[in-house]
Amino acid sequence: SAVISQKPSRDICQRGTSLTIQCQVDSQVTMMFWYRQQPGQSLTLIATANQGSEATYESGFVIDKFPISRPNLTFSTLTVSNMSPEDSSIYLCSVLGGHSRRWETQYFGPGTRLLVL
Amino acid sequence: GIQVEQSPPDLILQEGANSTLRCNFSDSVNNLQWFHQNPWGQLINLFYIPSGTKQNGRLSATTVATERYSLLYISSSQTTDSGVYFCAVEGSTGFQKLVFGTGTRLLVSP
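All of these numbers come straight from a predicted model, not from anything done at the bench.

Definitions and limits used
- Residues numbered from 1 in each chain as written.
- Chains lettered and ligands numbered in written order.
- Predicted model: local features only at pLDDT ≥ 70, side-chain atom pairs only at ≥ 80, totals over all residues.
- Heavy atoms only, no water.
- Helix = DSSP H or I, 4+ residues; strand = E, 2+ residues; numbered from the N terminus.
- Rg over C-alpha atoms; globule rule 2.2 N^0.38 Å.
- Buried < 20%, exposed > 50% of the residue type's maximum accessible area, 1.4 Å probe, protein only.
- Contact = heavy atoms within 4.5 Å.
- Areas by Shrake-Rupley, 256 points an atom, 1.4 Å probe, with all protein chains shown as cover.
- Lys, Arg positive; Asp, Glu negative; His and termini not counted.
- Charge placed at Lys NZ, Arg CZ, Asp CG, Glu CD.
- Pairing = 2+ DSSP bridges.
- Axes fitted to C-alpha atoms, helices over the stretch in contact; angles between N-to-C directions.
- Salt bridge = Lys/Arg side-chain N within 4 Å of Asp/Glu carboxyl O.
- Phe/Tyr/Trp six-rings, centres within 6.5 Å; stacked < 30°, edge-to-face > 60°.
- Disulfide = S-S within 2.5 Å.
- Patch = residues over 30% accessible without salt bridge, like charges linked within 9 Å, V, L, I, M, F, W, Y side chains within 5 Å.

Quick rundown of the overall build of chain A? Include the residues and the values.
Of the regular secondary structure elements, chain A holds zero helices and 11 strands. Listing each helix as α and each strand as β along chain A from the N terminus yields β-β-β-β-β-β-β-β-β-β-β. Relative to the 2.2 N^0.38 estimate, which gives 13 Å for 117 residues, the radius of gyration of chain A is 14 Å and therefore close to what a compact globule would have. The dimensions of chain A, computed from C-alpha atoms along their principal axes, are 45 × 25 × 20 Å. Within the span of chain A, comprising 117 residues, buried residues form 50% of the whole. Counted over contacts in chain A with a minimum sequence separation of 6, partners at least 24 positions apart contribute 56%. Accessible surface computed for chain A: about 5500 Å², of which carbon and sulfur atoms make up 49%. Each charge class in chain A was averaged separately, 9 positive and 8 negative side chains, and the resulting centres sit 7 Å apart.

Could you give me a rundown of the sheet that holds strand β6 (residues 52–56) of chain B, with the residues and numbers involved?
All names here are of chain B. Across the sheet, which stays open at both edges, the five strands sit in the order β1-β3-β8-β7-β6 with antiparallel pairing between neighbours. Of all strands in the sheet, those bounded by a partner on one side alone are β1 (4–7) and β6. Pairs of neighbouring strands in the sheet enclose a mean axial angle of 15°, with direction left out of account. Relative to strand β8 (residues 69–74), strand β3 (residues 19–25) is paired through six bridges, and the arrangement is antiparallel. When the sheet's bridge partners are listed, asparagine 24 is paired in β8 with tyrosine 69.

Quick one: what's the story with the pattern of salt bridges, residue by residue and with numbers?
All names here are of chain B. Scanning the entire structure with this criterion turns up four salt bridges over all chains. Residues aspartate 27 and arginine 68 are paired through a salt bridge, measuring 3.9 Å at the closest nitrogen-oxygen approach. Residue aspartate 27 is located in the loop between β3 and β4 (29–37), and its partner arginine 68 is located in the loop between β7 (59–64) and β8; the two are separated by 41 residues in the primary sequence. Taking relative accessible area as the criterion, arginine 68 reaches 36% and is therefore assigned partly exposed.

If you had to explain the side chain of threonine 105 of chain A to someone new, which residues and values would you point to?
Within the element layout of this structure, threonine 105 of chain A appears in the loop between β9 (89–96) and β10 (107–108). Not counting chain neighbours up to four residues away, the residues in contact with threonine 105 of chain A comprise Val95 and Leu96 of chain A together with Gln33, Asn45 and Tyr48 of chain B.

Mind laying out the side chain of threonine 74 of chain A, listing which residues take part and the relevant values?
Its place among the elements puts threonine 74 of chain A in the loop between β7 (68–72) and β8 (75–80). If sequence neighbours within four positions are ignored, threonine 74 of chain A has contacts with Cys23, Gln24, Val25, Ser27, Gln28 and Met32 of chain A.

So what's going on with the packing of aromatic side chains? Residues and values would help.
Across all of its chains, the model carries seven aromatic pairs over all chains by this definition. Considering the side-chain rings of tyrosine 35 of chain A and phenylalanine 108 of chain A, the 5.2 Å spacing of their centres and the 50° angle between planes classify their relative orientation as tilted. With tyrosine 35 of chain A in strand β4 (residues 31–37) and phenylalanine 108 of chain A in strand β10, the pair connects residues that are 73 residues apart, well separated along the chain. Here phenylalanine 108 of chain A and phenylalanine 100 of chain B contribute two aromatic rings whose centre-to-centre distance is 5.8 Å and whose plane-to-plane angle is 85°, an arrangement assigned as edge-to-face. One end of the pair, phenylalanine 108 of chain A, is in strand β10; the other, phenylalanine 100 of chain B, is in strand β10 (residues 99–100), on a second chain. Of the two residues examined, phenylalanine 108 of chain A and phenylalanine 100 of chain B, each falls in the buried class. Each residue in the set Tyr35 and Phe108 of chain A together with Phe35, Phe86 and Phe100 of chain B is aromatic and connected to the rest through ring pairs, giving one cluster.

Explain the state of the cysteines to me, and be specific about the residues and the numbers.
Residues and elements named next belong to chain A. Considering all chains together, one arrives at two disulfides over all chains under this definition. Across the disulfide, cysteine 23 is cross-linked to cysteine 93 (sulfur-sulfur distance 2.0 Å). Taking the torsion about the sulfur-sulfur bond, which here is approximately 65°, the covalent link between cysteine 23 and cysteine 93 counts as right-handed. One end of the pair, cysteine 23, is in strand β3 (residues 19–25); the other, cysteine 93, is in strand β9, with 70 residues separating them in the sequence.

Before we move on, could you go through a nonpolar patch on the surface and cite the residues and values that matter?
A contiguous nonpolar surface patch, about 280 Å² in accessible area, is contributed by Ile12, Leu115 and Leu117 of chain A. With respect to the helices, strands and loops of the structure, leucine 115 of chain A is situated in strand β11 (residues 112–116).

Treat this as a map of the structure, not an account of what it does.
In structure tokens form, the structure reads like this:
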């Protein structure tokens, strides 16, 4: 399995500000994803982070609110822009594929717990 | 899009008891995974099981793809089994995008 780290692990932010979350993997992976988990809810896919090109967003999520970068095969960032209390959630990155790694199984980072006041 | 429903939504067990968690999905799938989210929020892979049966220690899972459901069995439950169990599926349209179920929250008491 992949070793995935996220920074920060948690944060408390003021409304109107932005926070950038980092996801680092210990080896190159083919695909990286960003999910949101609102309090007491299931996980929802925000976007697929594409290396060297714009992310692919799911319905209900837009680039202006959740800009994503993926400069290489081991790193991605998600920014939550102009935050409101409704953005309080756990944000998780996941990875799939890569050298000597099964294609079918997604592995998740530890998550970033965000509270917006 | 594909819908994924899990039952029961909540489950309370005494340590040592057995349980069965169910996942129903509305369309054919390429991929089905079971995850355990521990109380600290970490998602842990349990099974990749788009069809058939697998076992890993006290846990086993069965997916009947033709009838669009999967079952997760937990035997001799322990307090460390507490948390939320999710199934997640990738629809036949592909792109490796997982759709998560509604989850089953399990509490195992000593």
